Amino acid sequence: MRHQNIVILTGAGISAESGLSTFREEGGLWDRHRIEDVATPEGFVRDPDLVHEFYSTRRRQLKTASPNPAHIALGRLQREHGGQVSIVTQNVDDLHERGGASDVIHMHGELKKLRCGACHRVHVWDGVCATDTPCPACHAKALRPHVVWFGEMPFDMDRIMALLADCDLFMSIGTSGQVYPAAGFVSEVRQIGHAHTVEINLEPSDGASLFAERRHGPAGTLVPAYVEEILKGEPS
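Since this is a predicted model, take the numbers as computed values, not measurements.

This part takes up the nonpolar core. As a rule of thumb, nonpolar side chains are buried together in soluble globular proteins. Counting 22 residues, the largest nonpolar core has Ile-6, Ile-8, Leu-74, Leu-77, Met-171, Ile-173 and Val-223 as the members making the most contacts within it. Of all the elements in the fold, those that place two or more residues in this core are strand E1 (5-10), helix H5 (69-80), strand E2 (84-89), strand E7 (169-173), strand E8 (196-201) and helix H9 (219-232). Dropping the residues within four chain positions of it, Ile-173 is found in contact with Ile-8, Leu-9, Thr-10, Gly-11, Ile-14, Leu-74, Ile-200, Ala-219 and Val-223. Core analysis: the next-biggest nonpolar cluster, separate from the first, contains 17 residues, Leu-9, Val-88, Leu-164 and Ala-182 among them.

As structure tokens, then:
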């Protein structure tokens, strides 16, 4: 087996091919709202009704999206690869799971979950939430989206850094290379020095020159092809 431990970082680009808006897409959902208003703790304090409406709308839109061939290929890689395949995503959607992946690390949280500011419990949530929606556990009206906003610490960073330290293949798919700490993962891997690094992106990211291998084009085409190469290189 050529690669024993594979770590895959995915960003908004992989889900854009399923019809979900990215931060920088003109005319998309994010283009109609200031990030400061809907994706910061301060924005939530200023106008929680707006923030809840924004994320309720995103949950409704997620129901209309389906995993694309890139999501499905990564799920297949997890199932068929003989070693460890860890998926770390910046995306808050559930398209990886619906594409067949398991134990996905959502470093920026999950759209279909809410967190209570009073009892701190996390709840699976698939519908509308408003400021007067009570917590299912403690009944306090203190629910917020279980997503990491700008200025907050991403989830599971200790686990992610341990996986990066042990990987021998690091893939970055559909990321801009502008959002940290994820944009710095390739540098972390390079410092260790024993892993091959691959960028798969529609166009070169800001950190493209840091990768040993770069493949640019639609993830829905390039990811299945690369997964096929990995699996064909392993003994049956």
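Read on for the rest.
So, on to the domain arrangement of the chain. According to the domain assignment, the chain consists of domain 1 (1-19 + 67-108 + 154-235) and domain 2 (21-64 + 110-147). On a C-alpha basis, the centres of domain 1 and domain 2 stand 26 Å from each other. Counting from both sides, the interface comprises 14 residues of domain 1 and, opposite them, 11 residues of domain 2. Between domain 1 and domain 2, the buried area comes to about 980 Å², and carbon and sulfur atoms account for 58% of it. Counting the surface domain 1 buries against domain 2, the share from its top three residues, Val-92, Asp-94 and Phe-155, is 41%. Scanning the region where domain 1 abuts domain 2 turns up one salt bridge. Measuring nitrogen to oxygen at the nearest pair gives 3.0 Å for the salt bridge that ties Asp-94 to Lys-112. Taken together, the links from domain 1 to domain 2 amount to two residue pairs in polar contact (both at pLDDT 80 or more). For the side of domain 1 that touches domain 2, the secondary structure elements donating two or more residues are helix H1 (12-16) and helix H6 (95-98).

All right, on to the sheet that holds strand E3 (residues 105-106) then. Spatial strand order, E3-E2-E1-E7-E8-E9: six strands in an open sheet with parallel pairing. Edge positions in the sheet fall to E3 and strand E9 (213-216), since each of these pairs with one other strand and no more. Both E2 and E3 contribute to a ladder of two bridges, which runs parallel. Bridge pairing links Val-88 to Ile-105 in E3. Across the sheet, H9 is in contact with E1, E7, E8 and E9; its angle to E7 comes to roughly 165°.

Moving on to the packing of aromatic side chains. Counting across every chain of the model gives four aromatic pairs. Taking 5.0 Å as the distance between ring centres and 85° as the angle between the ring planes, the aromatic pair formed by Phe-54 and Tyr-55 counts as edge-to-face. For Phe-54, a relative accessible area of 2% corresponds to the buried category. Taking 6.4 Å as the distance between ring centres and 45° as the angle between the ring planes, the aromatic pair formed by Tyr-55 and Trp-149 counts as tilted. In this pair, Tyr-55 is assigned in helix H4 (residues 48-62) and Trp-149 in the loop between strand E6 (143-147) and helix H7 (157-166), connecting sequence segments 94 residues apart. Under the relative-accessibility criterion, Tyr-55 is labelled buried at 2%. The exposure class of Trp-149 is buried, given its relative accessible area of 3%. Taken together, the ring pairs connect Phe-44, Phe-54, Tyr-55 and Trp-149 into an aromatic cluster. Across from the ring centre of Trp-149, 3.9 Å away, lies the NZ or CZ of Arg-144, which sits over that ring.

About the cut-offs
Residues numbered from 1 in each chain as written. Predicted model: local features only at pLDDT ≥ 70, side-chain atom pairs only at ≥ 80, totals over all residues. Heavy atoms only, no water. Core = buried A, V, L, I, M, F, W, Y, C linked by side-chain atoms within 4.5 Å. Buried < 20%, exposed > 50% of the residue type's maximum accessible area, 1.4 Å probe, protein only. Helix = DSSP H or I, 4+ residues; strand = E, 2+ residues; numbered from the N terminus. Contact = heavy atoms within 4.5 Å. Domains from an automatic or database assignment. Buried area = accessible area lost by both parts, 1.4 Å probe. Salt bridge = Lys/Arg side-chain N within 4 Å of Asp/Glu carboxyl O. Polar contact = N/O pair within 3.5 Å; in protein donor to acceptor, adjacent residues only side chain to side chain. Pairing = 2+ DSSP bridges. Axes fitted to C-alpha atoms, helices over the stretch in contact; angles between N-to-C directions. Phe/Tyr/Trp six-rings, centres within 6.5 Å; stacked < 30°, edge-to-face > 60°. Lys NZ or Arg CZ within 6 Å of the ring centre and 35° of its normal.

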